[in-house]
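Chain residues, written in single-letter form:
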Amino acid sequence: MQKAPPFPITRAALSGLLAMFVSIGVARFGFAPLVPALAKAHWYSAAGAFWLGTVNLAGYFFGAAVMRVWRRPFPAKPVVLLFMGLTSAATLGSALNWGWGWFGFWRLVSGITGGILMVLMAAAVVGRAPSAARGRVSGITFAGMGAGTAFSAILVPLLLAKGLVFTWMLLGLVCVLATLAVAVMMPAARIEPSARHESKGLPPRPVLLMIGAYALTALGFVPHMLFLSSFAALGLHRGVAAGAQVAAWLGIAAMLGPPVLGRVADRFGFLPTLGIGYVVMGCAVALPLLVDAQFALICSAIAVGAVALGAVMLVAGAIAGMVPAARLPGDWGLATMVYAVMQALVAAMFSNLFHITGSYGLLFAIGAAAMVVAVLLILLSARLNTKVH
C-alpha cells in the first residue's frame, strides 16, 4: 500500500495566512480606516457607514451559515481561489463611485467571501494538519487577520494622499497578488462535510461550552477595539498621538498573537492555552480600571489584541481536536456565526451605553466580568472533554 505524502505544513499555513489576510484583514477590517475619507469625499453620508458595516456583517454571517449547512464534498483549492478572487473583485469594484447600491453590493460580497473563507480555511488547512503541528499551522493561518488589519491601518492613511480610487485599486492589486500566490502554494485538499444525520442537532457539550466562551470574548474585546484609543486620547486628555500609539500596539499584538499562542498550544494543548489566555485577557481588560498610565494601557492593548485574535485560532484548533474532521466545518461555522452576531450586538450595545453614561470604566468592567465567565466555561468544557475521552 502506498503511503500518503506528508502534509506540506509551510505551504498550507502560508496559504491560510494569505486567505485570511485578504478576506478578513484587508476586505473586512481594512474598511474602517477608509470610512472618514469616504464620508469626506461625499461618496456617501456618515450614516451610510453604519449601513455598509451592517451589510458586510450580514454577508459574513450568511457565508459562515452556507459553510455550516453545505453537505456535498468539494475540492478546497479551487473554491478558495474562487472566493479570494471574488474578494479581489469586490475591492477593485469599490474604486468606482457608482452610488450606495454599487458599493453596498461589493461590501455584501466581501462579507460573504470572508465568512466562507474563515470556515473553509479551518477545514482545508487547520483540520488537515498533523495534531503535533496544528497549533503552528493554525497560528500562522489566523495571523493573516491581524497582519491584514495592521497592513491596512498603516498603509491606507499614506495611500489616501493619492486619492480614494488609487487606494482601492492598490488594495485590490494586493488581493490579486495574494490570490495568485495561493494558486501556486496551496496543496490540494478535498473537503468531505459530514452527512446530514451525523451533524444533526447541536455540537457536543464541550464544544458548545467553548463556543459560549468564545462568544463572550466579544464582550471583552469590543471595549478595547472601539474605545481604548479614545480613552487614551480623549478620556485621559492625552491627545490623538497617545490614542494612535495604543491602537498601533493593539494591531501589532493581533498580528503576532496567533502564531505565538499556536506554538504554546502545540506544547500544552488548545483548551489549556485558551483558558490561560482568557485569564490574561480578563486581567488586561480590567487593567485600565486600576492603572491609567500610558505604559499600562499599552500592556493592556498588547495582551487583549494577542489573545482576542489568538482565540480564533485556539477555538478552531480545539474544535478540530474534539470532533471528526467531517464535522469541523459545521461546528466551526456555528462558532463563527455566533461570534459575528455577538460582536455586532455588543458593539451596538456598548456604543449606546457609552452615549448614555459617558463612562469608559463601565465598559471595561463589563468586559472583564464577561471574561471571568468565559474562563469558567472553558474549565467546564475541559472537564467534560476529559470525561468523554
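Look above for the structure.
Described in the following lines is the structure provided in the data block. (Residues numbered from 1 in each chain as written. Predicted model: local features only at pLDDT ≥ 70, side-chain atom pairs only at ≥ 80, totals over all residues. Heavy atoms only, no water.)

### Description of the side chain of serine 94
Move 1: On the secondary structure map, serine 94 appears in the loop between helix H4 (76–93) and helix H5 (100–126).
Move 2: For serine 94, a relative accessible area of 2% translates into the label buried.
Move 3: When residues no more than four places from it in sequence are discounted, the contact partners of serine 94 are Trp43, Phe103, Trp106 and Trp168. (Helix = DSSP H or I, 4+ residues; strand = E, 2+ residues; numbered from the N terminus. Buried < 20%, exposed > 50% of the residue type's maximum accessible area, 1.4 Å probe, protein only. Contact = heavy atoms within 4.5 Å.)

### Let's talk about the side chain of serine 88
Move 1: Relative to the elements of secondary structure, serine 88 occurs in helix H4.
Move 2: We classify serine 88 as buried; its relative accessible area is 3%.
Move 3: A distance of 3.5 Å separates the side chain of serine 88 from the side chain of threonine 179, its partner in a polar contact.
Move 4: Filtering out sequence-adjacent residues up to four positions away, serine 88 remains in contact with Gly172, Cys175, Val176 and Thr179. (Polar contact = N/O pair within 3.5 Å; in protein donor to acceptor, adjacent residues only side chain to side chain.)

### Considerations on the state of the cysteines
Move 1: Evaluated as defined, the whole model comprises zero disulfides.
Move 2: Left without a disulfide partner, cysteine 299 is nearest to the cysteine sulfur of cysteine 283, which lies 13 Å away. (Disulfide = S-S within 2.5 Å.)

### A look at the nonpolar core
Move 1: Leu38, Met118, Phe142, Met210, Tyr278, Ile319 and Trp332 are the most contacted members of the largest nonpolar core, which has 121 residues in total.
Move 2: Those residues in contact with isoleucine 319, other than ones at most four positions away along the chain, are Val207, Met210, Leu328, Asp331, Trp332 and Ala335. (Core = buried A, V, L, I, M, F, W, Y, C linked by side-chain atoms within 4.5 Å.)

### Quick look at the pattern of salt bridges
Move 1: Under the defined criterion, the tally for this structure stands at two salt bridges.
Move 2: Note that glutamate 192 and arginine 190 form a salt bridge whose closest N and O atoms lie 3.3 Å from each other.
Move 3: Between arginine 327 and aspartate 331 there is a salt bridge, with its nearest N and O atoms 2.8 Å apart. The residues arginine 327 and aspartate 331 share a single accessibility class, namely buried. (Salt bridge = Lys/Arg side-chain N within 4 Å of Asp/Glu carboxyl O.)

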